[in-house]
Amino acid sequence: MEKTLILVKPDGVQRCLAGEILARLEKRGLKIVALKMLRMDRALAERHYAVHREKPFFNDLVNFITSGPIIAAVLEGEKAVESARQSMGATDPKKAAPGTIRADLGINMEHNLIHGSDSPENAATEIATFFEPEEILGYTRDIDRWLTG
Ligand code: IDP
Ligand code: MG
């Protein structure tokens, strides 16, 4: 089973779309195994987006992601990274495939509602940035037996 990190960005929380966004991912079989609401500070934002440090949009990106509360989640499932990226759609909502979160609900490149890890390796690093190991809760065997009868 693979894990990925999802962030519902400040526009998603502000527009009351957090439940819808998480629901779309859950319905694809991705299980929430960790969840928290927080407001990122600049240090955390700069660390999370370190690969974009030299990009012209870096400052705007950090300003936006720190502008209000976000929801961070760890999702678990088969090919979780790729599944979540598929459901998110392309970075630019105008170019994202219809039916994806960003195409259906996103406004523009900056206000595109959701972050998702882009590789299992980056997912591991990003998960560790937002969650302590003990905050990631698996499902017990008993619960799995109960769910599957
Ligand atoms: P991703 O979120 O689809 O993985 P990245 O290339 O990792 O896209 O970029 C991180 C975030 O930076 C994007 O989600 C988007 O909000 C923002 N971003 C990316 N490219 C641009 C741009 O050209 N102009 C403004 N913002 C951008
Ligand atoms: Mg990215």
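Our structure's up above, just so we're on the same page.
All values reported here derive from a predicted model rather than from experimental measurement.

For the rest of this paragraph, the subject is unusual backbone geometry. We note that Cys16 has phi near 60°; this positive angle belongs to a residue other than glycine. Along the chain, the position of Cys16 falls in the loop between helix H1 (10–14) and helix H2 (18–27). A relative accessible area of 67% places Cys16 in the exposed class. One non-glycine residue, Lys79, lies in the positive phi region at around 45°. Inspection of the secondary structure assignment puts Lys79 in the loop between strand E3 (70–77) and helix H5 (80–88).

A word on the pattern of salt bridges. Applying the stated criterion across every chain, the model contains five salt bridges. Residue Glu76 is joined to Lys3 by a salt bridge in which the shortest nitrogen-to-oxygen separation is 3.0 Å. Of this pair, Glu76 sits in strand E3 while Lys3 sits in strand E1 (residues 2–8), and the two are 73 residues apart along the sequence. With a relative accessible area of 31%, Lys3 lands in the partly exposed category. Among the ionic pairs, Lys36 bridges to Glu135, the shortest N-O distance being 3.1 Å.

So, on to the environment of Ile114. Of note, Ile114 is situated in strand E4 (residues 114–116). Under the relative-accessibility criterion, Ile114 is labelled buried at 0%. Beyond its immediate stretch of four places on either side in the chain, Ile114 contacts Ile6, Leu7, Lys9, Ile21, Leu25, Met88, Ile101 and Arg102.

Take His48: it is sitting in helix H3 (residues 42–48). Residues contacting His48, with those up to four places away along its chain left out, are Leu5, Leu7, Met40, His115, Glu126 and Phe130.

Turning our attention to the site of ligand 1. The environment of ligand 1 is made up of Lys9, Tyr49, His52, Phe57, Leu61, Arg85, Thr91, Arg102, Met109, Glu110 and Asn112. For ligand 1, an oxygen atom lies 2.6 Å from a polar atom in the side chain of Thr91. Here ligand 1 loses 75% of its free accessible area of 530 Å² to cover by the protein chains. Mapping ligand 1 onto the cavity grids shows that it belongs to the largest pocket.

The next subject is the layout of surface pockets. In this structure, the largest pocket encloses a volume near 690 Å³. Contributing to the lining of the largest pocket are 25 residues, with Tyr49, Val51, His52, Leu61 and His115 lying nearest its centre. Elements supplying a minimum of two residues to the lining of the largest pocket: H3, helix H4 (58–65), E4 and helix H7 (120–130). In terms of residue count, H7 provides more of the lining of the largest pocket than any other element does, four residues in total.

Listing the buried residues of H5 in full gives Ala80, Val81, Ser83, Ala84, Ser87 and Met88. The buried side chains of H5 occupy one side of the element, clustering within an arc of 170° when seen end-on. Here the buried face of H5 lies against E1, H2, E3, helix H6 (101–105), E4 and H7. A positive phi of about 90° marks Gly89, the residue just after H5.

Scoring rules and cut-offs
Residues numbered from 1 in each chain as written. Chains lettered and ligands numbered in written order. Predicted model: local features only at pLDDT ≥ 70, side-chain atom pairs only at ≥ 80, totals over all residues. Heavy atoms only, no water. Helix = DSSP H or I, 4+ residues; strand = E, 2+ residues; numbered from the N terminus. Buried < 20%, exposed > 50% of the residue type's maximum accessible area, 1.4 Å probe, protein only. Salt bridge = Lys/Arg side-chain N within 4 Å of Asp/Glu carboxyl O. Contact = heavy atoms within 4.5 Å. Near = heavy atom within 4 Å. Polar contact = N/O pair within 3.5 Å; in protein donor to acceptor, adjacent residues only side chain to side chain. Areas by Shrake-Rupley, 256 points an atom, 1.4 Å probe, with all protein chains shown as cover. 1 Å grid on protein atoms, 1.4 Å probe; cavity = no way out; pocket = protein on both sides within 12 Å on 5 of 7 lines; lining within 4 Å. Sits in = over half its atoms within 2 Å of the grid points. Points joined across faces, edges and corners; volume = space filled by probe spheres on them. Arc of directions from axis to C-beta.

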